[in-house]
Amino acid sequence: CHDWNGKLHEFGSHWRSADCYDCSCSRGGISCCSSFATPVGYDEEKCVSIFNKEACTYKVVEKNDHSKECPVHGWVG
């Protein structure tokens, strides 16, 4: 299987993409799904979600003070 970057993967292989998607290669092609959950149901006027590409996670913090986390009422993934 060739991924979207042109890299060749063997049948039966699994990998995590640079964009935090877990992928696998089979004779039917490549299948990928997100390895992270996206926050929903937080105060979007007061808070902002920040994605950490190294940890493949979101953190929701106050816009004016990133040291203060905001409550999140749901996650989608």
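Look a little higher up for the structure.
Given the structure is predicted, the values throughout are model-derived calculations rather than measurements. (Residues numbered from 1 in each chain as written. Predicted model: local features only at pLDDT ≥ 70, side-chain atom pairs only at ≥ 80, totals over all residues. Heavy atoms only, no water.)

**Q** Could you clarify how one ought to interpret the packing of aromatic side chains in this entry?
**A** When we look at a pair of aromatic rings, we describe it by the centre distance and by the angle of the planes. Overall, the coordinates contain four aromatic pairs when judged by the stated rule. Centre to centre, the rings of phenylalanine 36 and tyrosine 58 are 6.1 Å apart; their planes meet at 65 degrees, and the pair counts as edge-to-face. Taken together, the residues phenylalanine 36 in the loop between β3 (29-34) and β4 (38-40) and tyrosine 58 in strand β6 (residues 57-62) connect sequence positions 22 residues apart. The interplanar angle of 55 degrees and the centroid separation of 4.8 Å between the aromatic rings of phenylalanine 51 and tyrosine 58 together place this pair among those described as tilted. In this structure tyrosine 58 comes out as partly exposed when scored by relative accessible area, which is 25%. (Phe/Tyr/Trp six-rings, centres within 6.5 Å; stacked < 30°, edge-to-face > 60°. Helix = DSSP H or I, 4+ residues; strand = E, 2+ residues; numbered from the N terminus. Buried < 20%, exposed > 50% of the residue type's maximum accessible area, 1.4 Å probe, protein only.)

**Q** It is not clear to me how the pattern of salt bridges should be interpreted in this structure. Could you clarify?
**A** Counted under the stated rule, the structure contains four salt bridges. Two residues, arginine 16 and aspartate 22, come together in a salt bridge whose shortest N-O distance is 2.8 Å. Measuring nitrogen to oxygen at the nearest pair gives 3.3 Å for the salt bridge that ties aspartate 19 to lysine 53. Placement of the pair is aspartate 19 in the loop between β1 (14-16) and β2 (21-26) and lysine 53 in the loop between β5 (47-52) and β6, with a sequence separation of 34 residues. Take aspartate 19: its relative accessible area is 42%, and that puts it in the partly exposed class. (Salt bridge = Lys/Arg side-chain N within 4 Å of Asp/Glu carboxyl O.)

Limitation: the analysis is restricted to geometry and does not speak to function.
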